[in-house]
Amino acid sequence: MVRHAAGATWFRGAFFSGSTVGLPGDAELAAASDVDVMVVTAQDEPPPKLGKLLHRGALLEVTYLPWRLLASAEQVLGSYHLAGSFRVDTVIADPTGQLRRLQARVARGFAERAWVRRRCEDARRRIADRLGALDPSAPFHDLVTAWLFPTGVTTHVVLVAALRNPTVRLRYLAAREALADHGHAELYPELLQLLGCARWPRPRAERHLRELARAFDAAAAAAATPFFFSGDVTELARPIAIDASQHLIDGGCHREAVFWMVATSARCQKILAADAPPRVQREHAPAFEAMVADLGIASTDDVLRRADEVVRFLPRLWRTAEAIMPADHDPPRR
């Protein structure tokens, strides 16, 4: 990266993000994981997400980030999806020295209760704002996606309070562990209930994953229209989208696999709707509808009702988050 971009006027640096942050330097990356790389640009509107690519056997997920989002340590410390990347030294390239100075300041304040609370408020606000902005006229797969992701941010409120990485695909597994470690395991079934899979047996998850695998392969083959998530529905990404879900199911975490299965299924439907022949769309639509029906969602009204349930749950979630947040004199608990 230094060799190819260091002289470019738009290039402000790069850093690691996501689940690899905080891993020991000699840790082996799981086969079903990728490495998130954030490339910082001087442009206010950066290029579209580059997506996944193989580099020396590692699967990289490359995203462009405008420098304006990193303008101050205070701005980053209050951002729940950015602060965790700077709690340790994740800097890959830093032509101006600004990234390392930013990282040092964020690391010093990261565990202070006031900033933890600010980041939890950021996550809570994202839930309420996005669920409040649902568009009932949107295609059903888009509406499900618009409900699913802010519903899943309930886990991020927990993870941020516990000073843990607000991971994407494994958010429910990570939240389960954080709640148990902090003495609040009783909240976890309520998070699953909001998602709709609290009573899913393993065979149900396995059945839906088999159908999802078929839709995934069809969508990956048909994909032509660029979407921001296009890199997640490709042959290269199949180990993460499909194989990793099977690994969770095999390990007894079938309910923890559901979030990403539903997200991937909805994305496949969007790709098929844009690029596949009507025959292929009709072939795979029933499997998606069956999956979300097993979450208790069969109509637009169901989505809106479930969104309201999540919003009404937020005070309960907030009380737990405040109980988990460290006092300023407490060391981080793992």
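Conventions adopted
Residues numbered from 1 in each chain as written. Predicted model: local features only at pLDDT ≥ 70, side-chain atom pairs only at ≥ 80, totals over all residues. Heavy atoms only, no water. Helix = DSSP H or I, 4+ residues; strand = E, 2+ residues; numbered from the N terminus. Rg over C-alpha atoms; globule rule 2.2 N^0.38 Å. Buried < 20%, exposed > 50% of the residue type's maximum accessible area, 1.4 Å probe, protein only. Contact = heavy atoms within 4.5 Å. Areas by Shrake-Rupley, 256 points an atom, 1.4 Å probe, with all protein chains shown as cover. Lys, Arg positive; Asp, Glu negative; His and termini not counted. Charge placed at Lys NZ, Arg CZ, Asp CG, Glu CD. Phe/Tyr/Trp six-rings, centres within 6.5 Å; stacked < 30°, edge-to-face > 60°. Salt bridge = Lys/Arg side-chain N within 4 Å of Asp/Glu carboxyl O. Pairing = 2+ DSSP bridges. Axes fitted to C-alpha atoms, helices over the stretch in contact; angles between N-to-C directions.

Draft legend 1. Expanded view of the overall build of the protein chain. Broken down by element type, the protein chain carries 12 helices and five strands. The C-alpha radius of gyration computed for the protein chain amounts to 20 Å, which stays within 12% of the reference 20 Å derived for 334 residues, consistent with globular compactness. The C-alpha extent of the protein chain, read off along each of the three principal axes, is 55 × 45 × 40 Å. By residue count, 49% of the 334 residues in the protein chain fall in the buried class. Sequence-distant contacts, at least 24 apart, represent 69% of the contacts inside the protein chain between residues at least 6 apart. Accessible surface, the protein chain as shown: approximately 15400 Å² in total, 52% of it carbon and sulfur. If the 42 positive side-chain charges of the protein chain are averaged to one point and the 39 negative ones to another, these points end up 2 Å apart.

Draft legend 2. Just the packing of aromatic side chains, in detail. A full pass over the atoms with the stated rule returns 10 aromatic pairs. Both rings, one in Y172 and one in F259, keep their centres 5.9 Å apart while their planes meet at 40 degrees; by these two values the pair is tilted. Here Y172 is found in helix α6 (residues 171–181), whereas its partner F259 is found in helix α10 (residues 258–275), with 87 residues between them in sequence. Both residues of the pair, Y172 and F259, count as buried.

Draft legend 3. Structural detail: the pattern of salt bridges. Using the criterion set out here, one finds 22 salt bridges in the structure. One salt bridge in this structure joins E45 and R68, with 3.7 Å as the shortest N-O distance. You can see E45 sitting in the loop between β2 (35–41) and β3 (51–55) and its partner R68 sitting in the loop between β4 (58–66) and α2 (73–77), a full 23 residues away along the chain. Where R214 meets E211, a salt bridge forms, and the shortest distance between an N and an O atom there is 3.1 Å. Of this pair, R214 and E211 both sit in helix α8 (residues 202–222), three residues apart, which is roughly one turn of that helix. Since its relative accessible area comes to 39%, R214 is described here as partly exposed. With a relative accessible area of 32%, E211 lands in the partly exposed category. The network of salt bridges with shared partners includes D302, R305, R306 and E309.

Draft legend 4. Region of interest: the sheet that holds strand β5 (residues 91–93). The strand order across the open sheet built from five strands is β3-β4-β2-β1-β5, with neighbouring strands paired in mixed fashion. Where the open sheet ends on each side, the last strands, each with one partner, are β3 and β5. Each neighbouring strand pair of the sheet contributes to a mean axis angle of 35 degrees, computed without reference to strand direction. Bridging between strand β1 (residues 11–17) and β2 involves six bridges; their strand directions are antiparallel. Of the residues in β2, the one forming a bridge with A14 is V39. Sheet strands touched by helix α3 (residues 98–109): β1, β2 and β5. Its angle to β1, the strand with the most contacts, is close to 40 degrees.

In short, geometric facts, not functional conclusions.
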